[in-house]
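# Inside the fold
The lines below spell out each chain.
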Amino acid sequence: MSVMSLLRTLLLDVVPTIQQTAALALGRLANYNDDLAEAVVKCDILPQLVYSLAEQNRFYKKAAAFVLRAVGKHSPQLAQAIVDCGALDTLVICLEDFDPGVKEAAAWALRYIARHNAELSQAVVDAGAVPLLVLCIQEPEIALKRIAASALSDIAKHSPELAQTVVDAGAVAHLAQMLLNPDAKLKHQILSALSQVSKHSVDLAEMVVEAEIFPVVLTCLKDKDEYVKKNASTLIREIAKHTPELSQLVVNAGGVAAVIDCIGSCKGNTRLPGIMMLGYVAAHSENLAMAVIISKGVPQLSVCLSEEPEDHIKAAAAWALGQIGRHTPEHARAVAVTNTLPVLLSLYMSTESSEDLQVKVSA
């Protein structure tokens, strides 16, 4: 008799603490790797968990939701197995539980199902999770707020339609209001969720802007936490990339100068979304490229080009400088006077430069 079969038997024990301990053991096994998670599915344990999830006390509910989360995280196929055994409806009911720990455990499980692909996210939406996740971000517990924001982010990322579902549930206004929360982990989840909504279309980006994220989001660029900085830059990039009008709005709010300061205050991949954002703004028009020049964006991009060891960051800086310099001779001069051209030439000639970097430099 296998360990899984023994634990399955213990799930049916008359003593509640034995049931909970068995569920926790299953969760830890399933969490370890996908082979053990697969074994949980093959031993037909999921239907028993789902049944008990609706019936049992809060301790068991948390343990059972943990098993579902541990199984679902590994792959779309294992997440689909959870959907197929009817778990979504029960998990959504758990989002309304009186106990915040049960809500949190259910939100984790739903997030790990939704993050794989659009079909699984749609299944989570169809089960009615989104309005309840929006209620969860309004609860006082920070851990619950974090995971609810993260789940909404993972639903919104897959398609404009799924992002629209998150918007229609009123999530954006509530997320925007929490940008001033002192908790760094919560802020980076909120910024991620707003970015995942904004990235899909002009309309969705405008809805995020209308929630009055400026100038508050600019304070996040000065945060001590690197993830908050990076996600704030990403959000501004996802808004600015769509149209000249949205880029102009970012410029008017002081966004370009703030992103340039942010690039100067950090290193490595944290810089990347800010570098890309400057390129997107400059690409839209002569005037917007000039706004980047006036805000001293060119010297900062030149520093990135010289300082950064990673080719993909150098390539992004080279691309952004190209977007600034390509408009008129005046724009080209602004790039040339920073002594960027010899650096670009040496990168182009270097045998160590990646093909992508050489292409960006030559462009």
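What you see is a predicted model, and the numbers here were worked out from it, not measured in a lab. (Residues numbered from 1 in each chain as written. Predicted model: local features only at pLDDT ≥ 70, side-chain atom pairs only at ≥ 80, totals over all residues. Heavy atoms only, no water.)

## Side note on helix 8 (residues 100-114)
For helix 8, built from 15 residues, the straight-helix expectation of 21 Å at 1.5 Å per residue is met to within 8% by its first-to-last C-alpha distance of 21 Å. In terms of residue burial, helix 8 counts as a mostly covered element, since 11 of its 15 residues are buried. Along helix 8, the residues that are buried comprise Val102, Lys103, Ala105, Ala106, Ala107, Ala109, Leu110, Arg111, Tyr112, Ile113 and Ala114. For helix 8, the secondary structure elements touched by its buried residues are helix 5 (58-72), helix 6 (76-84), helix 7 (87-94), helix 9 (118-126), helix 10 (129-136) and helix 11 (142-156). The backbone nitrogen of Gly101 lies 2.9 Å from a side-chain oxygen of the residue at the head of helix 8, namely Asp99. (Helix = DSSP H or I, 4+ residues; strand = E, 2+ residues; numbered from the N terminus. Expected span 1.5 Å × (residues − 1). Buried < 20%, exposed > 50% of the residue type's maximum accessible area, 1.4 Å probe, protein only. Contact = heavy atoms within 4.5 Å. Polar contact = N/O pair within 3.5 Å; in protein donor to acceptor, adjacent residues only side chain to side chain.)

## What about the environment of Arg326?
In this fold, Arg326 is placed in the loop between helix 23 (311-325) and helix 24 (329-336). Here the alpha-carbon distance between Arg326 and Ala282, two residues 44 residues apart in the chain, equals 9.4 Å. Reaching out from Arg326, the side chain makes a polar contact with the side chain of Gln323 at a distance of 3.0 Å.

## With respect to the packing of aromatic side chains
Following the criterion strictly, the structure yields 2 aromatic pairs and no others. Arranged with centres 5.4 Å apart and planes meeting at 75 degrees, the rings of Tyr280 and Trp319 form a pair that is edge-to-face. Linking Tyr280 in helix 20 (residues 272-284) with Trp319 in helix 23, this pair joins segments that are 39 residues apart in sequence. Using a relative accessible area of 27% as the deciding quantity, one classes Tyr280 as partly exposed. The cationic tip of Arg69 hangs over the ring face of Trp108; the distance from NZ or CZ to the ring centre is 4.0 Å. Above the plane of the ring of Tyr112 lies Arg111, whose end atom (NZ or CZ) is 5.4 Å from the centre. (Phe/Tyr/Trp six-rings, centres within 6.5 Å; stacked < 30°, edge-to-face > 60°. Lys NZ or Arg CZ within 6 Å of the ring centre and 35° of its normal.)

Remember, this is a structural readout, not a statement about activity or role.
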